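What follows is each chain in one-letter form.
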Amino acid sequence: MGSRYADEHMELPAQYIAGKIGVVTVLYGSGAVLADFFDSIEKQTYKEFVVYCVDNGSQDDSAEQCRARGENYVVIENGENLGVAAGNNIGTRAAVGSGCEFVLFLNNDVVFGPDLFAQLVDGLKQHSCSMATPMMYYFDRPDVIWAAGGYFQPWFGYRCLHFGDGDLDQGQYRPARRVAYTPTCCAIVRREVFQSVGMMDERYFVYWDDTDFMLRAYRLGEQLYLLPDAKLWHKVSSLIGTSSPFRTRFVHRNHALYGHKNLPAPFAYLISFGYCLGYLLLSLMGRISLSEARDRVRFWREGIRTSGMLRVG
């Protein structure tokens, strides 16, 4: 059966403050990384911003650390973990509702130099684009690229890949250029985009939500620029880890949700068959266990059900 889901689109307030950035960061047990993050923010040469800290029921002192930073930090406590996508939407509504012209999605497990905010705003203006993103590096390998923007692969179901991941930065991504995709680890977005493209799809909870958002923007012709002189260092997977059961579930579940939401049904099912068969073949090759392959198939089916494309029962 067809999906009945429709992405939410924002109604913009008539008035806004030109140049004002709403920095949206989602907290979930983030206390250990916040000191570096706040230090980077407070050194910014660009001063027209407010930080919206959306706390998803942290059991540590994340919200208290934000609140202690002063009136330029707005703390929104959800009381439970609503997911990254919902957290970003809550922060976006607060930022745009209070008159911000731009929303800056920003992970809190990052550090950056004092000119980042100014460079992002200047990049939007210089290239007359809807969104902009910096060069992102591995925190523990500061000259190694994590993402120089990214791109979609249509024949693989519009999966996304990062440009330059694992490469030493030798200036190969200069000058600034248009890219199709960037992770919302750091992306500045004009407020009008939330009216045309819509909000994050909260069904994802975490992972693939930003890919879905960027694909919708790409298909609508919204321009995203990589700004190679703007730089950020990411403590990749510092809070969740790279191989936790939580991550495994949502990566595979949401990949399926993404495909069945955004692709024609026959192509989506073909992609699903290919991935699920691939998991079983990996188990036969000894690359993963049979139980892990079965789990991945189960998570994939969960994603299809979540998309509304598979009849339940």
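Residues numbered from 1 in each chain as written. Predicted model: local features only at pLDDT ≥ 70, side-chain atom pairs only at ≥ 80, totals over all residues. Heavy atoms only, no water.

A short note on a nonpolar patch on the surface
Then, number 1: A surface patch of nonpolar side chains, amounting to about 570 Å² of accessible area, comprises F273, L277, L281, L284 and M285.
Then, number 2: Looking at the secondary structure, you find L284 in helix α8 (residues 265-284).
Then, number 3: A relative accessible area of 71% places L284 in the exposed class. (Patch = residues over 30% accessible without salt bridge, like charges linked within 9 Å, V, L, I, M, F, W, Y side chains within 5 Å. Areas by Shrake-Rupley, 256 points an atom, 1.4 Å probe, with all protein chains shown as cover. Salt bridge = Lys/Arg side-chain N within 4 Å of Asp/Glu carboxyl O. Helix = DSSP H or I, 4+ residues; strand = E, 2+ residues; numbered from the N terminus. Buried < 20%, exposed > 50% of the residue type's maximum accessible area, 1.4 Å probe, protein only.)

A closer look at the pattern of salt bridges
Then, number 1: By the definition in use, this model includes 19 salt bridges.
Then, number 2: Its salt-bridge partner being E292, residue R296 comes within 3.0 Å of it at the nearest N-O pair. Note that R296 and E292 are positioned in helix α9 (residues 290-307) at a spacing of 4 residues, about one turn of the helix.
Then, number 3: The partly exposed category is assigned to E292, whose relative accessible area is 29%.
Then, number 4: Linked through salt bridges whose partners overlap, the residues forming this network are D7, D201, R203, D212, R216 and K261.

With respect to the nonpolar core
Then, number 1: Within the largest apolar cluster, 39 residues are counted, with the highest numbers of intra-cluster contacts made by M131, F152, F194, F213 and M214.
Then, number 2: It is helix α6 (residues 209-219) that contributes the most residues to this core, 4 residues altogether.
Then, number 3: Setting aside residues no more than four positions away along its own chain, M214 makes contact with M131, F152, A180, Y181, T182, T184, A187 and L224.
Then, number 4: Judged by nonpolar contacts, the second largest core, of 38 residues, contains F37, A118, L120 and A230. (Core = buried A, V, L, I, M, F, W, Y, C linked by side-chain atoms within 4.5 Å. Contact = heavy atoms within 4.5 Å.)

A few points about α6
Then, number 1: Among the 11 residues in α6, 9 count as buried, and that is most of the element.
Then, number 2: Among the residues of α6, D209, D210, T211, D212, F213, M214, L215, R216 and A217 are the ones counted as buried.
Then, number 3: Just beyond α6, the residue with positive phi is G221, at close to 85 degrees.

Description of the side chain of S130
Then, number 1: Along the polypeptide, S130 turns up in the loop between α4 (116-127) and β6 (131-138).
Then, number 2: Exposure remark for S130: the relative accessible area of 12% places this residue in the buried category.
Then, number 3: Leaving out residues up to four positions away in the same chain, S130 has contacts with L124, I188, V189, R190, V193, E222 and Q223.

Thoughts on the pairing of strand β4 (residues 100-106)
Then, number 1: Burial within β4 is extensive, with 7 of its 7 residues counted as buried.
Then, number 2: As paired elements, strand β1 (residues 17-27) and β4 share 5 bridges and run parallel to each other. Bridging from a neighbouring strand, G22 pairs with V103 of β4.
Then, number 3: For β4 and strand β11 (residues 186-190), the ladder comprises 5 bridges, and the chain directions are antiparallel. Paired with F105 across the two strands is A187, which belongs to β11. (Pairing = 2+ DSSP bridges.)

Considering the pairing of strand β12 (residues 224-234)
Then, number 1: Of all 11 residues making up β12, 8 are buried, and the element is well covered by its neighbours.
Then, number 2: Sheet topology places strand β5 (residues 110-112) next to β12; 3 bridges connect them, and they run antiparallel. Following the sheet pairing, V110 is matched in β12 by H234.
Then, number 3: Sheet analysis places β6 next to β12, joined by 8 bridges and oriented parallel. Looking across to β12, one finds that P134 is bridged to L227.
Then, number 4: Two strands pair when backbone bridges link them, and strand β10 (residues 177-179) and β12 are joined in this way by 3 bridges, in the antiparallel orientation. Its bridge partner lying in β12, R178 is registered against Y225.

Some details on the packing of aromatic side chains
Then, number 1: Following the criterion strictly, the structure yields 21 aromatic pairs and no others.
Then, number 2: Both rings, one in F163 and one in Y173, keep their centres 6.4 Å apart while their planes meet at 45 degrees; by these two values the pair is tilted. Of this pair, F163 sits in the loop between β9 (159-162) and β10 while Y173 sits in the loop between β9 and β10, placing them 10 residues apart in sequence.
Then, number 3: Look at Y173 and you get buried, because its relative accessible area is 13%.
Then, number 4: Taking the ring centre of Y138 as reference, the NZ or CZ of R141 above it sits at 4.3 Å.
Then, number 5: The ring of Y207 carries R247 above its face, with NZ or CZ at 5.5 Å from the centroid. (Phe/Tyr/Trp six-rings, centres within 6.5 Å; stacked < 30°, edge-to-face > 60°. Lys NZ or Arg CZ within 6 Å of the ring centre and 35° of its normal.)

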